[in-house]
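Here is what each chain is made of, one letter per residue.
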Amino acid sequence: MDFSLSEEHIMIRDAARDFAQTELLLGVIERDEKQHFPAELVKKMGDLGFLGIMVDPKYGGSGMDTISYVLIMEELSKIDASASVIVSVNNSLVCYGLEAFGTEAQKEKYLTKLATGEFVGAFCLSEPEAGSDATSQKTSAIDKGDYYLLNGTKNWITNGGRADVYIVIAQTDKHKGSHGINAFIVEKGMEGFHVGPKENKLGIRGSDTHTLQFNDVKVPKENRIGDDGAGFRFAMKTLSGGRIGIAAQALGIAAGAYELALKYSKERKAFGTEICNHQAIAFKLADMYTDIEAARHLVMKAAWDKDQGNNYDVSSAMAKLYASKVAMEHTVEAVQIHGGNGFVKDYHVERLMRDAKITQIYEGTSEIQKIVISRNIIKE
Ligand code: CAA
């Protein structure tokens with residue numbers, strides 16, 4: 001067993017760290033306040049190869065492994081989780097899905113642009129009445145011969161107003177349950193496709209979240225991904241990889257808050273000494289460091305499982321469940337260590353605390369991760 005990173009992995013991590021600390025940090029507080037989507041930075045991340053990290057270079061991707069992906073996600077998320085969720089959705093939910101299950105024509109037409117950042121992608125599964133209960137899709141796609149007629153509403157869609165390509169999950173035969181669901185590629189601007197108002201969110205406020213409406217959208221037959229009825233399994237498999245990305249995001253948020261808290265505790269003085277010398281603070285730092293390292297091991301193990309071709313449904317669920325819990329708990333502690341300064345925006349930790357919450361909700365709530373884990377261990 002070897003826990004060390006390769007030289008290539010260290011270079012990739014350092015490049016992401018450098019980009020985050022120089023480019024993402026600039027204006028991050030303002031983007032959060034104004035809910036400003038970082039369009040220019042997305043372009044730069046595309047140029048750096050961060051939007052198609054694991055995609056085969058023949059489709060314009062960087063051809064890296066999942067370990068590289070989580071290293072990049074951690075570094076970006078330490079500074080700006082709004083930027084990192086754009087990276088995660090584009091890589092895990094859109095590029096991966098197309099590369100693993102799409103036709104050659106779909107890859108040529110869409111993946112090549114998504115992997116380079118020329119296009120941004122969105123993944124549309126959640127509905128007003130189908131969030132955790134993803135099989136209960138109400139959005140319907142009726143087979144009309146050479147096209148499907150798509151009708152319905154999708155909620156809380158990341159990149160909702162900014163994407164060029166949307167992967168939309170819809171029911172094609174309600175009598176077949178999860179086997180009557182398909183995934184479709186919908187393009188921005190298709191007739192009958194409307195983007196609703198932007199959500200005003202607690203955290204990741206720089207990311208672009210919308211409700212989407214599909215009214216009689218004609219989706220060409222060739223835009224269905226995979227075999228007829230394979231859409232639910234497509235969504236589940238895709239989300240298993242997405243959960244590795246969100247786990248790495250949660251890890252980055254926690255690690256970012258810890259690094260700020262450690263630095264602050266070495267500078268701030270109270271009762272005649274730096275506050276890190278008080279056991280009340282030192283023990284908090286010890287707990288943070290330990291839990292973050294444990295989360296990092298789970299995230300790396302899930303990424304390694306994916307790279308090895310092992311099943312990663314459970315390891316990704318465990319990584320997301322644990323890393324998001326650590327992110328939530330320790331960003332609160334980072335605010336506490338900062339005292340009054342933690343409560344004002346300039347010190348960043350209050351934003352990280354708000355950003356942490358979503359990691360326990362999207363791409364499967366913590367309760368859903370426990371369903372995935374428990375079902376698998378019980379059936380073994
Ligand atoms: N891989 C392949 N197939 C899978 C699978 C997986 N990981 N998980 C389930 N399946 C298959 C099952 O084997 C089953 O197939 P058979 O009928 O052939 O046996 C079929 O799918 C149905 O599975 P279940 O009976 O387990 O389905 P369920 O209704 O009990 O739901 C669930 C399972 C795990 C709760 C699932 O609904 C789920 O993951 N819900 C959460 C959805 C979610 O994560 N939403 C996030 C929205 S996306 C988002 O947040 C993106 C963003 O913008 C950031």
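This write-up is about the structure you can find in this document. Within each chain, residues carry numbers counting from 1 in the order of the written sequence. Per-residue local features are limited, in this predicted model, to residues with pLDDT of at least 70; the limit for side-chain atom pairs, both in listing and counting, is 80 or more; totals at the level of whole chains, interfaces and linings are taken over all residues. Side-chain metrics in this entry use all non-hydrogen atoms of the structure; hydrogen atoms and water are not considered.

### Looking at the pattern of salt bridges
Side-chain pairs of opposite charge can arise where the charged atoms are in close proximity. Salt bridges are defined by distance alone: a side-chain nitrogen of Lys or Arg within 4 Å of a carboxyl oxygen of Asp or Glu. Under the criterion given, the structure shown has 25 salt bridges. Residue K188 pairs with D164 through a salt bridge whose shortest N-O separation is 3.5 Å. Here K188 is found in the loop between β5 (181-187) and β6 (193-198), whereas its partner D164 is found in the loop between β3 (147-158) and β4 (165-171), with 24 residues between them in sequence. Residue K345 is joined to E350 by a salt bridge in which the shortest nitrogen-to-oxygen separation is 3.7 Å. Whether a residue is buried, partly exposed or exposed follows from its accessible area with a 1.4 Å probe, protein chains only, as a fraction of its type maximum: under 20%, in between, or over 50%, in that order. K345 sits in the partly exposed class, given a relative accessible area of 31%. Note on E350: relative accessible area 10%, which makes it buried. Secondary structure elements follow DSSP: runs of H or I no shorter than four residues count as helices, runs of E no shorter than two count as strands, and numbering proceeds from the N terminus.

### A short note on the site of the ligand
Being near a molecule or strand, for a residue, means having at least one of its heavy atoms within 4 Å of it. Neighbouring the ligand are 25 residues, the closest being S132, T135, T158, R243 and R375. At 2.9 Å, a backbone N or O of E363 approaches an oxygen atom of the ligand. Relative to its free-state accessible area of 1100 Å², the ligand is covered by the protein chains to the extent of 72%. At the level of secondary structure, the elements contributing two or more residues to the shell around the ligand comprise α5 (81-101), α7 (231-267) and α11 (366-379). Top element by residues in the shell around the ligand is α7. It accounts for seven residues. Of the residues contributing to the shell around the ligand, the split by class is 10 nonpolar, nine polar and six charged. Definition of a polar contact: a pair of N or O atoms within 3.5 Å, with one able to donate and the other able to accept a hydrogen when the atoms are protein atoms, and with sequence-neighbouring residues admitted only if both atoms are side-chain atoms. For the area figures, the Shrake-Rupley method with a 1.4 Å probe applies, and any residue is considered shielded solely by the protein chains shown. Gly counts as polar in this scheme, as do all residues outside two lists: the nonpolar Ala, Val, Leu, Ile, Met, Phe, Trp, Tyr, Cys and Pro, and the charged Asp, Glu, Lys and Arg.

### So, the nonpolar core
Soluble globular proteins tend to bury their nonpolar side chains together. By size, the foremost hydrophobic cluster in this structure holds 90 residues, and its most contacted members are L76, L98, F123, I167 and I169. Ranked by the residues each element gives to this core, the list is headed by α7, at 17 residues. By definition, residues are in contact when any of their heavy atoms lie within 4.5 Å. When near neighbours in sequence (up to four residues on either side) are disregarded, L98 contacts Q106, K107, Y110, L111, L114, I167, I185 and I225. Buried Ala, Val, Leu, Ile, Met, Phe, Trp, Tyr and Cys residues that are joined via side-chain atoms within 4.5 Å together make up what is termed a nonpolar core. Core analysis: the second largest hydrophobic core is formed by 18 residues, A163, F193, V217 and V219 among them.

### A look at the packing of aromatic side chains
Pairing of aromatic side chains here covers Phe, Tyr and the six-membered ring of Trp, requires ring centres within 6.5 Å, and sorts the geometry by plane angle: under 30 degrees stacked, over 60 edge-to-face, intermediate tilted. Overall, the coordinates contain eight aromatic pairs when judged by the stated rule. With centroids separated by 4.8 Å and ring planes inclined at 85°, the aromatic side chains of Y166 and F193 adopt a geometry described as edge-to-face. On the criterion of sequence distance, the pair formed by Y166 in strand β4 and F193 in strand β6 is long-range, its members being 27 residues apart. We note that Y166, like F193, is buried. Centre to centre, the rings of Y258 and Y289 are 5.8 Å apart; their planes meet at 45°, and the pair counts as tilted. Of this pair, Y258 sits in helix α7 while Y289 sits in helix α8 (residues 279-308), and the two are 31 residues apart along the sequence. Given a relative accessible area of 14%, Y258 falls into the buried group. Three or more aromatic residues joined by ring pairs form one cluster here, namely Y96, F101 and F234. Over the face of the ring belonging to Y148 we find K221, whose NZ or CZ atom lies 5.4 Å from the ring centre. In this analysis the charged atom, NZ for Lys or CZ for Arg, is taken to sit over a ring once it is within 6 Å of the ring centre and within 35 degrees of the ring normal. Between the NZ or CZ atom of K237 and the centre of the ring of Y312, over which it lies, the distance is 4.9 Å.

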